[in-house]
Amino acid sequence: MRAVTVRERAAGLAGLSLTEEPYPHAAENDVVVRVHAAGFTPGELDWPGTWSDRAGRDRTPSVPGHEVSGVVAELGYGTTGLTVGQRVFGLTDWTRNGSLAEYVAVEARNLAPLPADVGHTVAAALPISGLTAWQGLFDHGRLAAGQTVLVHGVAGGVGSIAAQLAREAGARVIGTGRAGDRDTALGLGVDAFLDLQADPLEDAGQVDVVFDVIGGDVLDRSAALVRTGGTLVTIASPPTVRPRDGRAMFFVVEPDRARLADLARRVRGGRLRPIVGAVRTLAEAPSAFAPGRRTPGKTIIRVAEGEQPAGPYRLGRV
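Since we're looking at a predicted model, the values are computed, not measured.

### A few points about the sheet that holds strand β9 (residues 172–177)
Within the open sheet, the six strands sit side by side as β10-β9-β8-β11-β12-β13. Their pairing is parallel. Each having just a single partner strand, β10 (192–195) and β13 (247–250) make up the two edges of the open sheet. The average undirected angle you get between the axes of adjacent strands in this sheet is 15°.

Have a look at this one:
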């Protein structure tokens with residue numbers, strides 16, 4: 001099968017290439033998914049799991065990508081709850097070969113059924129971004145109706161979903177980004193937008209929750225904006241500065257089949273609109289990792305030949 005692989009950590013982006021790899025083995029409680037669309041995180045080449053397995057052993061050449069949408073091609077021994085031919089989407093394991101391939105082996109519990117009226121391109125934009133947004137806002141941030149949340153990077157894959165979920169929960173949403181993100185943010189229905197390159201961050205005022213995906217100085221300065229009892233949540237790095245009378249935490253997203261199914265229902269009902277920033281082919285995947293022109297939303301890799309991209313949802317008030 002065709003797959004994007006990395007072989008040498010020191011090579012960085014130059015080490016990504018499209019190669020022929022063996023068809024994956026379905027272990028106990030696994031399924032093999034024929035990949036129709038896949039998502040990735042640009043920083044994956046810095047993750048330990050890209051290079052070693054759970055026991056710390058080198059596992060190169062490895063296949064990056066941890067978001068998948070496709071069709072079940074094979075069931076491993078003991079696998080229940082899914083069937084061959086079923087449309088599914090979800091997270092691939094951090095320390096196993098990922099989704100930038102024609103087939104991938106995944107633990108069945110990390111996948112959820114995909115409704116027939118949700119396209120693979122859109123579904124591949126949901127697993128990491130959707131679960132991260134939900135877990136950050138509600139499981140860790142404890143966001144409630146009537147509160148205010150500051151979402152950094154609001155036009156990105158995680159931030160755009162976080163803004164929509166927070167609004168639906170009855171929260172006031174302040175989004176941040178670059179000047180070019182303003183229209184996207186307003187289309188998501190944020191109550192206010194701050195240009196991080198021009199507007200003082202302190203203009204956000206006091207908030208109940210800060211949801212950070214940027215880190216660095218933005219993360220450090222955000223601690224002072226959290227009011228008493230509030231929470232600073234980040235996925236960028238463990239915080240070194242904490243709110244005076246609040247909590248600060250860093251987390252890594254966890255698989256959740258039930259929440260994935262809930263996110264898919266929200267998409268079907270028009271209550272959630274993932275932003276697909278660009279759709280590339282598998283052959284173009286290595287170059288898609290490289291920093292370049294910024295586009296709102298998430299880049300998706302279309303893998304299955306003939307799979308038509310569902311395209312980005314048109315932005316509007318939701």
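After that view, the rundown keeps rolling.
### Describing helix α2 (residues 127–140)
With twelve of 14 residues buried, α2 is to be regarded as a mostly interior element. Within α2, burial applies to Pro-127, Ile-128, Ser-129, Gly-130, Leu-131, Thr-132, Ala-133, Trp-134, Gln-135, Gly-136, Leu-137 and Phe-138. At the C-terminal side of α2, Arg-142 shows a positive phi close to 55°.

### Brief notes about the packing of aromatic side chains
Scanning the entire structure with this criterion turns up four aromatic pairs. Measuring from centroid to centroid gives 4.3 Å for Phe-40 and Phe-289, while their planes differ by 25°, and the two rings are stacked. Of the two residues, Phe-40 sits in the loop between β3 (30–39) and β4 (67–75) while Phe-289 sits in the loop between α7 (285–288) and β15 (298–302), which places them 249 residues apart along the sequence. Per residue, the accessibility class of Phe-40 equals that of Phe-289, and both read buried.

### So, the pattern of salt bridges
Summed over all chains, the structure comprises 17 salt bridges. Arg-57 serves as the salt-bridge partner of Asp-53, at 2.9 Å between the closest nitrogen and oxygen. With a closest N to O distance of 2.9 Å, Arg-268 and Asp-117 form a salt bridge. Of the two residues, Arg-268 is situated in helix α6 (residues 257–268) and Asp-117 in the loop between β7 (111–113) and α1 (120–123); the sequence distance between them amounts to 151 residues.

### What about the side chain of Thr-50?
Along the polypeptide, Thr-50 turns up in the loop between β3 and β4. At a separation of 2.6 Å, a polar atom in the side chain of Thr-50 contacts the main-chain carbonyl oxygen of Glu-44. Other than its neighbours up to four places away in sequence, Thr-50 contacts Val-6, Glu-44, Arg-59, Ser-62 and Trp-94.

### Examining the confidence of the model for the protein
In the predicted model, the protein carries a mean pLDDT of 92, and 94% of its residues have values of at least 70. Every residue in residues 308–318 is under pLDDT 50, and counting partners more than four places away or in other chains gives 30 contacts.

Calculation rules
Residues numbered from 1 in each chain as written. Predicted model: local features only at pLDDT ≥ 70, side-chain atom pairs only at ≥ 80, totals over all residues. Heavy atoms only, no water. Pairing = 2+ DSSP bridges. Helix = DSSP H or I, 4+ residues; strand = E, 2+ residues; numbered from the N terminus. Axes fitted to C-alpha atoms, helices over the stretch in contact; angles between N-to-C directions. Buried < 20%, exposed > 50% of the residue type's maximum accessible area, 1.4 Å probe, protein only. Phe/Tyr/Trp six-rings, centres within 6.5 Å; stacked < 30°, edge-to-face > 60°. Salt bridge = Lys/Arg side-chain N within 4 Å of Asp/Glu carboxyl O. Polar contact = N/O pair within 3.5 Å; in protein donor to acceptor, adjacent residues only side chain to side chain. Contact = heavy atoms within 4.5 Å. pLDDT = per-residue confidence, 0-100.

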